[in-house]
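So the chains spell out like this:
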Amino acid sequence: MTNIINDKNKYLLLMYTISIASFMVNLDTYIVNVSLPTIAESFKTDTSNISWVVLSYNLMVVSLLLIFGKLGDKIGLKKMFTFGFLVFTVSSILCGISNSLLMLIFARFLQGIGASILYALPQAMITKYIPQEKRGMAFGILASSAALGITLGAPVGGLITGALNWRWIFFINMPVGIFAIFHLLKILPKDFYNYTSKKPFDYIGAVFSFFSALFLTFYINKLHTMPITSKIMATVLVLAIVFTTLFWIRMKNYKFALLDINVFKNLSFDFANIAMFLLSAFLAGTNFLMPFYLYEIKKLTVTQVGFVFILYSISYLITSLISGKLSSKIEPYKLCIFSMLVSTLNIIFFIYNSTSESLLTTELFLIVCGISFSFFITSNNNLVMSMAKTSNAGMIAGIHRMTGRLGMLFGVVGFEAVFSIFSHNSLLAFQISYVFGAIICILALICSIPFSKT
């Protein structure tokens, strides 16, 4: 029995729905940031408290990816994805009507749960429902949608908050969610149970997985603002290690573990995920550091910095559609290797010209970054999901998504740490940070080499 959708209209509607999910998850990751001062003023609270509006969402998104990926395999992708949109839509309404900071934070926790489902499953949805010859293009569209959400998050948040008020940054999710739920129920075939549905769900492993990811994510997020020697940070780190160890023991010894340890016996799968971790680290690190370079070294205004970054976003969006088609015709690992080679040379070019007074070299650097990242992410997605089976596509997608998210967290911390060491000389600090970035891209290139047959 197959779930492949060959009807063109249904295929296009499904791709739109899958893409809008990734778009909304990333949009809501960034749309709130620009509105935080207004929200803080509305609830008469301080920066430390208002930061939980962002942290609560991110904690849930990352911590539940693996669990929801597995549940997608267990009870059906259609049910889980539709449920994800339902939770995301209802929680968005709760965010908008919140009359206290505590209620808003709680609603953001719920929204993060829905977002985690929507973020975990799109790759598995493509693998399960989209014809093989169209999957490369589908992964390209997915990458474009995710990038668009990141790109539009801040400006859309600022525009809506300025024109209306902060509550409408959540209310805009309601019509999108209703539209998606209606079409998912209409166009997707009924889930049928495969052999995995007969296996017991690993609730103990799910608890270990959740808390290990939760404490690790919290620890990484707070590295910017809290000393690692503090009691809170030390306690969180110990808890992260304990739950990660328990989760690993569970995987090794329980027959029906949440995460099938056998998937890691494929070295190509392992290294492809490591490559995504590394690229995500560089992507997040350069997104964090580049605005400071443009502001401090190039002396641009905040508005000018935003316009310069649009070049990166546009190049990424356009190239994603091209790279999607190519990844169906050319072996994806070759495109990954090529893109990381281009990225490494591009970083060297940037470092060499970082003292130039011209803004053109920086603009070229960002454009090439957008192009090379697009080729890598689309091809890496295609490569990893090609190793999935119908019975474990959700789990594979969950692993891949969590790997990327953790890479982004580590990237910001890593770039900030390298920069701070040489912060006495800003230009030197930026140059050394990007040497660090070049090393990351070289490692990602090496990890993209196929070490075993898929």
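Basis of the calculations
- Residues numbered from 1 in each chain as written.
- Predicted model: local features only at pLDDT ≥ 70, side-chain atom pairs only at ≥ 80, totals over all residues.
- Heavy atoms only, no water.
- Helix = DSSP H or I, 4+ residues; strand = E, 2+ residues; numbered from the N terminus.
- Buried < 20%, exposed > 50% of the residue type's maximum accessible area, 1.4 Å probe, protein only.
- Axes fitted to C-alpha atoms, helices over the stretch in contact; angles between N-to-C directions.
- Parallel < 35°, antiparallel > 145°, perpendicular 65-115°, else oblique.
- Left-handed = near helix turned anticlockwise from the far one by under 90°.
- Contact = heavy atoms within 4.5 Å.
- Nonpolar A, V, L, I, M, F, W, Y, C, P; charged D, E, K, R; others polar.
- Salt bridge = Lys/Arg side-chain N within 4 Å of Asp/Glu carboxyl O.
- Arc of directions from axis to C-beta.
- Core = buried A, V, L, I, M, F, W, Y, C linked by side-chain atoms within 4.5 Å.

Caption draft 1: Here's a closer look at the environment of Thr225. Along the chain, Thr225 falls in the loop between α12 (203-222) and α13 (231-253). According to the relative accessible area criterion, Thr225 is exposed, its value standing at 59%. Thr225 sits 83 residues away from Val308 along the chain, and the two C-alpha atoms are 28 Å apart.

Caption draft 2: Highlighting the packing of helix α6 (residues 77-97) against helix α7 (residues 101-120). Look at α6 against α7: their axes get within 8 Å of each other, and the N-to-C directions meet at 160°. Overall, the two elements α6 and α7 adopt an arrangement that is roughly antiparallel. For α6 against α7, the interelement crossing comes out left-handed. Residues Met80, Phe81, Phe83, Gly84, Phe85, Val87, Phe88, Ser91, Ser92, Leu94, Cys95 and Ile97 of α6 form the contact with α7, whose own contacting residues are Met103, Leu104, Ala107, Arg108, Leu110, Gln111, Gly114, Ala115, Ile117 and Leu118. A breakdown of the residues in the contact of α6 with α7 according to their chemical character gives 16 nonpolar, five polar and one charged.

Caption draft 3: Summary view of the pattern of salt bridges. One pass over the full model with this rule turns up two salt bridges. Here Asp202 makes a salt bridge to Arg250, at a shortest N to O gap of 2.9 Å. You can see Asp202 sitting in the loop between α11 (173-187) and α12 and its partner Arg250 sitting in helix α13, a full 48 residues away along the chain. One salt bridge in this structure joins Glu331 and Lys334, with 3.3 Å as the shortest N-O distance. The partly exposed category is assigned to Glu331, whose relative accessible area is 42%.

Caption draft 4: How the structure looks around helix α2 (residues 36-43). Of the residues making up α2, those classed as buried are Leu36, Ile39, Ala40 and Phe43. Taken down its axis, α2 places every buried residue within 100° of arc, on the same side. Facing away from the buried side of α2 by more than 90 degrees, the exposed set consists of Pro37 and Glu41. Positive backbone phi, at 50°, marks Lys44, one or two positions downstream of α2.

Caption draft 5: Broad picture of the nonpolar core. Counting 99 residues, the largest nonpolar core has Leu14, Val32, Phe81, Phe85 and Met125 as the members making the most contacts within it. Among the elements that take part in this core, helix α1 (residues 8-30) stands out by supplying 10 residues, more than any other. With sequence-adjacent residues up to four places away left out, Phe81 is seen in contact with Thr17, Ile18, Ala21, Ile117, Leu118, Leu121, Pro122, Met125 and Leu184. Of all hydrophobic cores here, the second largest spans 40 residues; its members include Ala275, Leu300, Phe350 and Phe376.

Shape is all these values report; function is a separate question.
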